[in-house]
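# Summary of the model geometry
So the chains spell out like this:
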Amino acid sequence: MGMPTGLNPTINEIVKCITDGEYRIPRFQRDFVWDIKKSAALLDSIFKGFPISSVILWKTKKELSEIRNLGGIEIPGRDTGRYTSYIIDGQQRLTSLYFALKGLQTSSGSDFSEMCISLVAQPGEQLVFDSIPKGSTPDDYVTIKSLFDATALNGPHADKRLKYYQTLLQYTISVIEIDDENLELDEVIEIFERLNLGGKKLNLFSIIAARSYIAPENGKKGFDLAKQFDSFNKILIKNNYGKISDSTFLQAIAACLIEKVNKSDILNNLNSELIENNYISIEKAILAAIEHLKNTNYGVLVANLLPYERILVAFTYFHYKMGNNHIGQQQERYLVDFFWRCVLSKRYNNAATTNLNADIVKIKKIVNNETPNQEPIILSPKTIYENGRFVMSSAYVIGMLCLMAQAPPQSFAVGRTINITNDSVSNSSKKQFHHFFPMKSLVVLANPEYQSIVNNVVNIVFMDAITNDQISNRNPSDYITEFAQSNPNFTEALESHYISLHGYGIKDNDFFSFINARSRSLYNKLCQLIIPSKADTITDISAIV
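A few points on the structure. (Residues numbered from 1 in each chain as written. Predicted model: local features only at pLDDT ≥ 70, side-chain atom pairs only at ≥ 80, totals over all residues. Heavy atoms only, no water.)

## Some remarks on the sheet that holds strand β10 (residues 141-143)
Pairing is antiparallel in the open sheet, where three strands are placed in the order β9-β8-β10. In this open sheet, the two edge strands, each paired with only one partner strand, are β9 (128-129) and β10. Where strand β8 (residues 116-118) lies against β9, two bridges are found, and the strand directions are antiparallel. Along β9, the bridge assignment pairs Ile117 with Val128. (Pairing = 2+ DSSP bridges. Helix = DSSP H or I, 4+ residues; strand = E, 2+ residues; numbered from the N terminus.)

Here you go:
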C-alpha cells in the first residue's frame, strides 16, 4: 500500500465536496448516530480553535456499494470512471458539520436549524448550543447556518459575529487520503476496523455486501446485496410479517450456497458471482420457509414469534435443496420434530453457529428422506411451567406462544379468530397477551403464593383488545361466566387456548389447578409433535405437585 497523503482542506471546501457528491459513504459504515448535543460539542471545539480528529478517505475509481444519503439527505450520484473519496473514518463528524452549517434536519428528526453560537459567552464557557437556551436574549445568539451563509454578520455584537464567521472560513480539518488503486476492499475494511476499535465493529453482512457489490455497467443492472436485503424486508413488512436481521439473511445465503454459516467459511467462500447467480432462488427459499413455518405444526405467524431466527436458516436451506419438489409426509414429520426439539432443548442459546452447522447436516438428511440425528429433550408439564417465566427474550416461552397460536386462538367475547400481528406481540408492546388469572385480580392479590408465579406463559392467552378491556383485572370465574352466556361458541373458543371449563379450577378461581391442567394440555400437544427417542426424558409429572 502506498503512503497516505496529509491534506488540510477548509470547512468550506469539505462542505462543497459533500454537496457535489465527491465524498461518499461506503455501505459498510453505520448510519449517522450522533445526537445533536454531541454534534454541538464538535462545533464548540471548532469555534474555540481546538483541533478535532483527522478524517480518513480512500480515493479510488473502484465502485463500492454505498449509502446514497447523508443522515437522510440524498447526495448526488457519482460519475463512472471518476475518482471518489470514500469516508473510512470521520463520517459522524463530517455529517454533524454539514447538517449544522446547512441547518438541516436528519431522517431521525434531529433539527440542526436552531443550532447556535453564543455572542456573549466568556472564555472557558460553552459557545455552541443545540438551540437558544430558555430565558436567554435572542440577540445574544446567532444560528450556525446564518453565520455560515453570511446572512447574519450585521446586528448586535457585530465583532463577535465577524470573528466566528472568519473562524468558519479559515478553520482547516486534517484529512488523511489513501490514494492507491492497488488497495483491495478487504484492506480498507481492516483499516476501518483498526480505526474503530472503541466503536462499532463491522458486522459480517456489511463486509460481504461491500465485497459482493457489482456496479451497473454496459446496460447490466449490477448487484447490491444490501439493497436486495432492504427490498426483501420491505416485502415482509408489507405482508405484515415483520422483518429479519441481516445476519440471518446472510446465514441463509451461506447455508444454501456453501452449507456452512461460520464467519471464516463465509469470508473465504462467498463471492459476488456465486451470490448473484443464485440470489433469486435463495430469496424464494426464504419466503417458502417463512410460509412453511406459519402452518399449524409450528405457529410462527409473524417474525416476533420465531423462537430463534436461526430456525429460519435451517428451513430456508431445506426449501432451497428441495427446489420445486413437493414435501413428503415423512419429511414434514421430521421437520416438525426438528423444530420443537430446537425449542425444548434451547438449541441455539449457546454455540449457535456450531449447532446450526450441525443442523444443516440434519436438514440434508431430511431432504434425502433419511432419519436425522435427534437432539435429546426433557419434557413434562413441570418443565413447561419451570421454563415459562413470561419474558419475550426467552425462546422457550416464544415456542409455547407458537403452540398457542396453532389452533388458531379465538376471541372469548365473540368467537372469531384473533388476528396476531408482529407489532402486537413484540417485547415492547405485547398488546395481544393477557394473563388468564390477571396479575391484579382479587384472587391473586389475596394469595401471596399466586403472586410469585402468576407471570408464567402457562397463564398467558392471546387476546383481542376489546376482550382485554372487558376482562381488566376481574377474577376468571366472573368474566368466564359472562362470556359463556354471551358467546354461543364459547366452549370452542376456550378450547382453542388449550383450556376447558372442566378440570381447570376456573369456577373456584383455583390458580394451582389451572396451572396444572393447562401445562398438561400444552404437554399433550407437544407429545403429538415430537417423535420420541430413547435418549429423551418425557414424563407426565405435574407442574405444581
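## Topic: the pattern of salt bridges
All told, the structure shown has 16 salt bridges when counted by the stated rule. Across the pair Glu259 and Lys321 runs a salt bridge whose closest N-O atoms are separated by 3.6 Å. Here Lys321 lies in helix α12 (residues 309-322) and Glu259 lies in the loop between α9 (246-258) and α10 (263-269), a separation of 62 residues in the sequence. By relative accessible area, which is 24% here, Glu259 ends up partly exposed. (Salt bridge = Lys/Arg side-chain N within 4 Å of Asp/Glu carboxyl O. Buried < 20%, exposed > 50% of the residue type's maximum accessible area, 1.4 Å probe, protein only.)

## Some remarks on the packing of aromatic side chains
For the coordinates displayed, the defined rule picks out 29 aromatic pairs. Taking 6.4 Å as the distance between ring centres and 70° as the angle between the ring planes, the aromatic pair formed by Tyr98 and Phe99 counts as edge-to-face. Residue classification places Tyr98 among the buried positions, given a relative accessible area of 8%. Phe99 gets classed as buried once you look at its relative accessible area, which sits at 0%. Measuring from centroid to centroid gives 5.4 Å for Phe390 and Phe433, while their planes differ by 85°, and the two rings are edge-to-face. Note that Phe390 is positioned in the loop between α15 (381-386) and α16 (395-405) and Phe433 in strand β13 (residues 433-435), a separation of 43 residues in sequence. Of the two residues, Phe390 and Phe433, neither departs from the other in class, the shared state being buried. (Phe/Tyr/Trp six-rings, centres within 6.5 Å; stacked < 30°, edge-to-face > 60°.)

## Considerations on the packing of helix α13 (residues 329-344) against helix α14 (residues 352-367)
One way to put it is that α13 packs onto α14 with a least axis distance of 9 Å and a crossing angle of 160°. In terms of their interaxial angle, α13 and α14 are classed as roughly antiparallel. Classified by chirality, the crossing of α14 by α13 is right-handed. On α14, the residues touching Gln331, Tyr334, Leu335, Phe338 and Cys342 of α13 are Asp359, Lys362, Ile363, Ile366 and Val367. (Axes fitted to C-alpha atoms, helices over the stretch in contact; angles between N-to-C directions. Parallel < 35°, antiparallel > 145°, perpendicular 65-115°, else oblique. Left-handed = near helix turned anticlockwise from the far one by under 90°. Contact = heavy atoms within 4.5 Å.)

## Points about the pairing of strand β3 (residues 55-60)
The two faces of a sheet get side chains in turn, since along a regular strand they alternate between them. Most of β3 is tucked away: five of the six residues are buried. Bridge count between β3 and strand β11 (residues 175-179): five bridges; the pairing is parallel. When the sheet's bridge partners are listed, Lys59 is paired in β11 with Asp179.

## So, unusual backbone geometry
The residue after Ala407, namely Pro408, is reached through a cis peptide bond having omega -5°. Unusually for a residue other than glycine, Asn509 sits at a positive phi of about 55°.

## Brief notes about the nonpolar core
Leu225, Phe249, Leu305, Trp340, Leu401 and Phe436 are the most contacted members of the largest nonpolar core, which has 118 residues in total. Ranked by the residues each element gives to this core, the list is headed by α16, at ten residues. Beyond its immediate stretch of four places on either side in the chain, Phe249 contacts Phe205, Leu225, Phe229, Phe232, Ile244, Tyr279 and Ile286. Counting residues in hydrophobic clusters, the runner-up holds 43 residues, among them Ile25, Phe32, Tyr98 and Phe148. (Core = buried A, V, L, I, M, F, W, Y, C linked by side-chain atoms within 4.5 Å.)

## Some details on helix α2 (residues 36-47)
For α2, spanning twelve residues, the distance from its first C-alpha to its last is 17 Å, which sits close to the expected 16 Å at 1.5 Å a residue. Residues of α2 that are buried include every one of Ile36, Ser39, Ala40, Leu42, Leu43, Asp44, Ile46 and Phe47, and no others. Lining the buried residues of α2 we find α1 (11-19), α3 (91-102), β8, β9, α4 (144-148) and α5 (158-170). N-cap assignment for α2: the residue whose side-chain oxygen lies 3.2 Å from the backbone N of Lys37 is Asp35. Within two residues after α2, Gly49 carries a phi angle of roughly 80°, on the positive side. (Expected span 1.5 Å × (residues − 1). Polar contact = N/O pair within 3.5 Å; in protein donor to acceptor, adjacent residues only side chain to side chain.)

## What about the side chain of Ser477?
Structurally, Ser477 can be placed in helix α20 (residues 476-486). Polar side-chain contacts of Ser477 include one of 2.9 Å to the side chain of Asn509. Here Ser477 is in contact with Ile506, Lys507 and Asn509, once residues within four sequence places are set aside.

## Here's the deal with α13
Each α-helix winds once per 3.6 residues, and so residues spaced three or four apart point in a common direction. With 16 residues, α13 extends 23 Å from end C-alpha to end C-alpha; this agrees with the ideal 22 Å at 1.5 Å per step. Where burial is concerned, most of α13 is hidden: 13 out of the 16 residues are buried. Phi turns positive, to about 55°, at Lys346, one or two residues after α13.

## Considerations on the state of the cysteines
Evaluation of the coordinates by the stated rule reveals zero disulfides. Here Cys342 is not disulfide-linked; the sulfur of Cys402 is the nearest cysteine sulfur, at 12 Å. Left unpaired, Cys527 is separated from the closest cysteine sulfur, that of Cys342, by 18 Å. (Disulfide = S-S within 2.5 Å.)

## Here's the deal with the environment of Leu379
The residue Leu379 is located in strand β12 (residues 378-379) in this model. Taking C-alpha positions, Leu379 is 15 Å from Ala395, a pair spaced 16 residues apart along the chain. For Leu379, the contacting residues outside a window of four places in its chain are Leu344, Ile384, Tyr523, Leu526, Cys527, Thr537, Ile538 and Thr539.

Remember that the coordinates give geometry; whether it matters functionally is a separate question.
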